[in-house]
Amino acid sequence: MLVLVAPGQGAQAPGFLTPWLEFPGVRGALEAWSDAVGLDLIRYGTEADAEEIRDTAVAQPLLVAAGMASAAMLFQDPADFPRKVGAVAGHSVGEFTAASLAGVLPHEEALRLVRTRGLAMAEAAAVTGTGMSALLGGDPEVSVAHLEKLGLTPANINGAGQIVAAGTLEQLAALNEDKPEGVRKVVPLKVAGAFHTHHMAPAVDTLAKAAGDVTPADPRITYVSNKDGQTVATGAEVLSRLVGQVANPVRWDLCMETFKELGVTALIEVCPGGTLTGLAKRALPGVKTLALKTPADLDAARELIAAASDDAADAAGA
């Protein structure tokens, strides 16, 4: 079974959309989405520097647009998408990419909500100096207890030995001086605030109001939620979780456990891929993985999709 996943904030890099604009339909889609959200996605994805695209209000719609555009290039016939993809999931803002790919939200509606989300989270982050840092290695239970002692939140429990701490800059500075036992390294992340913590509560309220005008459809592909790694069957529940997740920890470890239970054999991470495939390589041994970084990865991705479809057909006929 093939799982398609979408990365979260921090995966963006200057110029990462440039090679994708050569493909028919991509520029037109990005122009339409830019008009829908009032943001020049093409400029930000091709010309802007690292600091410009670090801005939460820019990074989030940029990542979702990139994920949707690159996913569309995987299938010549859009009808193949629900037939050949067994499940979708996204990390943090990548959940909006996944929800759109699953048919819960039209692409432009997903981007409008993400734009609202990004602006609201940027505003919430500006109230107090906050940030996030990744902890590499160590025992998760020991690390979580240590973070709580420092007043930090384990905002992302990613599995494969990685937890992301979030809190004030002072709390993160204390973490640098006092790492949990067994943690090899603490790496500051390129984000502008303590996402998925109580610091984002005002953004939840803003996003909830915007979501009130949306009528979601039920997912046409199995959708796996960051909240608890569970599959969600109704569009209303998906939308509710998308709103609440802004201030809730991301449980990517539990998402990967669900992938195992579903029988995952292959995993593709849409553009700008890399982070989630890295976690999958460590946490899902035996699963074939591929990250869509540039269009040069498309042929290999299509071969992996074909192989996963053949495996699924063989399993069904066994």
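We now turn to the structure provided with this report.

### Quick look at the pattern of salt bridges
A pair can form between side chains of opposite charge whenever their charged atoms are brought close.
Phase 1: In the structure shown here, the tally under the stated rule is 9 salt bridges.
Phase 2: Between arginine 83 and aspartate 80 there is a salt bridge; the shortest N-O distance is 2.4 Å. One end of the pair is arginine 83 and the other is aspartate 80, both in helix 5 (residues 80–84) and 3 residues apart, which spans about a single turn.
Phase 3: Notably, a salt bridge pairs glutamate 257 with lysine 260, separated by 3.3 Å at the nearest N-O pair.

### Comments concerning the sheet that holds strand 4 (residues 153–159)
Phase 1: In space, the 4 strands of this open sheet follow the order 4-5-3-6, with antiparallel pairing throughout. The open sheet has two free edges, formed respectively by strand 4 and strand 6 (183–188), since each of these has just one partner strand. Across the sheet, the mean angle from the axis of one strand to that of its neighbour is 25°, orientation sign disregarded.
Phase 2: Sheet analysis places strand 3 (residues 130–137) next to strand 5 (residues 162–168), joined by 7 bridges and oriented antiparallel. In the strand pairing of strand 5, glycine 131 is matched with glycine 167.

### As for the environment of arginine 282
Phase 1: With respect to the helices and strands, the residue arginine 282 is situated in helix 13 (residues 275–283).
Phase 2: Taking the relative accessible area as the measure of exposure, arginine 282 reaches 52% and is therefore exposed.
Phase 3: Separated by 121 residues in sequence, arginine 282 and glycine 161 place their C-alpha atoms 8.7 Å apart.
Phase 4: One polar contact links the side chain of arginine 282 to the main-chain carbonyl oxygen of glycine 278, over a distance of 3.3 Å.

### Some thoughts on the nonpolar core
Buried together is how nonpolar side chains tend to be arranged in soluble globular proteins.
Phase 1: Ranked by internal contacts, the top residues of the largest apolar core, which has 83 residues, are Leu4, Phe96, Leu105 and Ile268.
Phase 2: Tallying contributions element by element places helix 4 (residues 56–72) first for this core, with 9 residues.
Phase 3: Contact partners of isoleucine 268, with chain neighbours within four places excluded, come to Leu2, Val3, Leu4, Val5, Leu290, Leu292, Ala301, Leu304 and Ile305.
Phase 4: Residues Val3, Val224, Leu284 and Val287 belong to the second largest nonpolar core, which totals 19 residues.

### A short note on the packing of helix 10 (residues 201–211) against helix 11 (residues 235–244)
Phase 1: Put simply, helix 10 and helix 11 touch, their axes get as near as 8 Å, and they point 155° apart. Put simply, helix 10 runs roughly antiparallel to helix 11. Contacts between helix 10 and helix 11 involve Val204, Leu207, Ala208 and Ala211 from the former and Leu239, Leu242, Val243 and Gly244 from the latter.

### Section: the sheet that holds strand 2 (residues 87–90)
Phase 1: One open sheet holds the 6 strands; their spatial order is 8-7-2-1-9-10, and the pairing between them is mixed. Each edge of the open sheet carries a strand with a single partner, namely strand 8 (231–232) and strand 10 (288–291).

### What about a negative patch on the surface?
Phase 1: Residues Glu31, Asp35, Asp40 and Glu47 make up a contiguous surface patch of negative charge.
Phase 2: By the secondary structure assignment, glutamate 47 is in the loop between helix 2 (41–46) and helix 3 (50–54).
Phase 3: Taking relative accessible area as the criterion, glutamate 47 reaches 60% and is therefore assigned exposed.

### Regarding unusual backbone geometry
Phase 1: With omega at 0°, the peptide bond leading from cysteine 271 into proline 272 counts as cis.
Phase 2: Relative to the helices and strands, proline 272 is located in the loop between strand 9 (266–269) and helix 13.
Phase 3: Within the chain, serine 92 stands out as a residue other than glycine whose phi angle is a positive 60°.
Phase 4: One non-glycine residue, histidine 196, adopts positive backbone phi at about 60°.
Phase 5: Turning to its location among the elements, histidine 196 is positioned in the loop between strand 6 and helix 10.

### Things to note about the pairing of strand 3
Phase 1: Of all 8 residues in strand 3, 7 are buried, a share of seventy percent or more.
Phase 2: Strand direction decides the pairing type here: strand 3 and strand 6, joined by 5 bridges, are antiparallel. Following the sheet pairing, serine 133 is matched in strand 6 by proline 188.

Scoring rules and cut-offs
- Residues numbered from 1 in each chain as written.
- Predicted model: local features only at pLDDT ≥ 70, side-chain atom pairs only at ≥ 80, totals over all residues.
- Heavy atoms only, no water.
- Salt bridge = Lys/Arg side-chain N within 4 Å of Asp/Glu carboxyl O.
- Helix = DSSP H or I, 4+ residues; strand = E, 2+ residues; numbered from the N terminus.
- Pairing = 2+ DSSP bridges.
- Axes fitted to C-alpha atoms, helices over the stretch in contact; angles between N-to-C directions.
- Buried < 20%, exposed > 50% of the residue type's maximum accessible area, 1.4 Å probe, protein only.
- Polar contact = N/O pair within 3.5 Å; in protein donor to acceptor, adjacent residues only side chain to side chain.
- Core = buried A, V, L, I, M, F, W, Y, C linked by side-chain atoms within 4.5 Å.
- Contact = heavy atoms within 4.5 Å.
- Parallel < 35°, antiparallel > 145°, perpendicular 65-115°, else oblique.
- Patch = residues over 30% accessible without salt bridge, like charges linked within 9 Å, V, L, I, M, F, W, Y side chains within 5 Å.
- Areas by Shrake-Rupley, 256 points an atom, 1.4 Å probe, with all protein chains shown as cover.
- Lys, Arg positive; Asp, Glu negative; His and termini not counted.
- Charge placed at Lys NZ, Arg CZ, Asp CG, Glu CD.

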